[in-house]
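Each chain, letter by letter, is given below.
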Amino acid sequence: MPRARIIRDMKARATVASSEVVRQAFRYLTHNTALPAKVRAQAQLQLNAFPRNARPAAIHNRCIETGRGRGVLRAFRLCRFQFRLKALEGDLPGIRKSTW
Amino acid sequence: MSLASGPAASKLAMLNKLSCAIFGNVYNPQGIRTGNKILRQRLVGPTINSYYPNVKQIKVREITRMVPEMNLVDLDEKTRLDSLAERKKRGKGPPKKGQGRRSTLKKK
């Protein structure tokens, strides 16, 4: 069972993915200065009516093992300590400890 | 019009418009914000949604629900029921209806 923070983030990701197309349409309307001001204002109100999780800024990359929100290596989706553990274990192909 | 100043601005604008028509570009001399940059953005939803690996842990309860003939023993459930039976034996089980704390408070 994933951590609570991960579940929260999963929910946000699902919301972003499901509402993305409609949000982008409203964003187009607000950004189009050729449209009448009333239409643009209404589109802005519609954008504000979306849930907080619908914004891409609501999602945060977390460690897929521990759910840690800081020090996450994007390429491995792991936090720095899990990355070290897995690398030493040999679970990450091509990663090895360097000495010089 | 002097030779050094080059072609007139209106001629240049016409040229620009014509070239836009030929090459399929949008003629927007004032640089008005049309919001086209929003439409040009890629949809990131599928990438964002597939960040966490989809690992679902299957519980014994689900297996028994699907295939009851296997007669699997859910150890967690068994320990729970055993501890409940143990508590009941010691008189620590749930009170009968009307014997709980709230109903006895009302009677007083």
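Scroll up a little and you will see the structure.
Computed from a predicted model, the values in this text were never measured in an experiment.

Focus on the overall build of chain A
Piece 1. Looking only at helices and strands, chain A has three helices and two strands in total.
Piece 2. When its helices and strands are written in sequence order, chain A yields α-α-β-β-α.
Piece 3. Classification of the 100 residues of chain A by burial places 16% in the buried group.
Piece 4. Considering only residue pairs separated by 6 or more positions, chain A has 38% of its internal contacts joining residues 24 or more positions apart.

Description of the overall build of chain B
Piece 1. Scanning chain B for helices and strands turns up six helices and zero strands.
Piece 2. The linear arrangement of helices and strands in chain B, starting from the amino end, is α-α-α-α-α-α.
Piece 3. Relative to its 108 residues, chain B shows a buried fraction of 1%.

Digging into helix α5 (residues 75–89) of chain B
All names here are of chain B.
Piece 1. For α5, spanning 15 residues, the distance from its first C-alpha to its last is 21 Å, which sits close to the expected 21 Å at 1.5 Å a residue.
Piece 2. Of all 15 residues in α5, zero are buried; the element is thus mostly exposed.
Piece 3. Downstream of α5 by a residue or two, G91 has a phi angle that is positive, lying close to 80 degrees.

Here we look at the packing of helix α1 (residues 4–31) of chain A against helix α2 (residues 37–49) of chain A
All names here are of chain A.
Piece 1. Put simply, α1 and α2 touch, their axes get as near as 8 Å, and they point 145 degrees apart. Two packed elements cross with a definite hand, and for α1 against α2 that hand is left-handed. Facing R23, F26, R27, L29 and T30 of α1, the residues of α2 in contact are V39, R40, A43, Q44, Q46 and L47.
Piece 2. Classifying every residue of the contact of α1 with α2 by side-chain character gives five nonpolar, three polar and three charged.

Some points on α2 of chain A
Piece 1. If you check α2 of chain A, its first and last C-alpha atoms are 18 Å apart, about what 13 residues at 1.5 Å a residue would give, namely 18 Å.
Piece 2. By the criterion of burial, α2 of chain A is predominantly exposed, with just zero of the 13 residues buried.

A closer look at unusual backbone geometry
The phi angle of most residues is negative, glycine excepted, and most peptide bonds adopt the trans form.
Piece 1. Residues other than glycine seldom take positive phi values, yet R77 of chain A does so here, at roughly 55 degrees.
Piece 2. Here R77 of chain A lies in the loop between β1 (72–73) and β2 (78–79).

Remarks on the environment of L72 of chain B
All names here are of chain B.
Piece 1. Secondary-structure assignment places L72 in the loop between α4 (60–66) and α5.
Piece 2. You can call L72 exposed: it has 12 C-beta atoms within 10 Å.
Piece 3. Here L72 is in contact with V60, I63 and T64, once residues within four sequence places are set aside.

Calculation criteria
Residues numbered from 1 in each chain as written. Chains lettered and ligands numbered in written order. Predicted model: local features only at pLDDT ≥ 70, side-chain atom pairs only at ≥ 80, totals over all residues. Helix = DSSP H or I, 4+ residues; strand = E, 2+ residues; numbered from the N terminus. Buried ≥ 20, exposed ≤ 12 C-beta atoms within 10 Å, placed from the backbone. Contact = placed C-beta atoms within 7 Å. Expected span 1.5 Å × (residues − 1). Axes fitted to C-alpha atoms, helices over the stretch in contact; angles between N-to-C directions. Left-handed = near helix turned anticlockwise from the far one by under 90°. Nonpolar A, V, L, I, M, F, W, Y, C, P; charged D, E, K, R; others polar.

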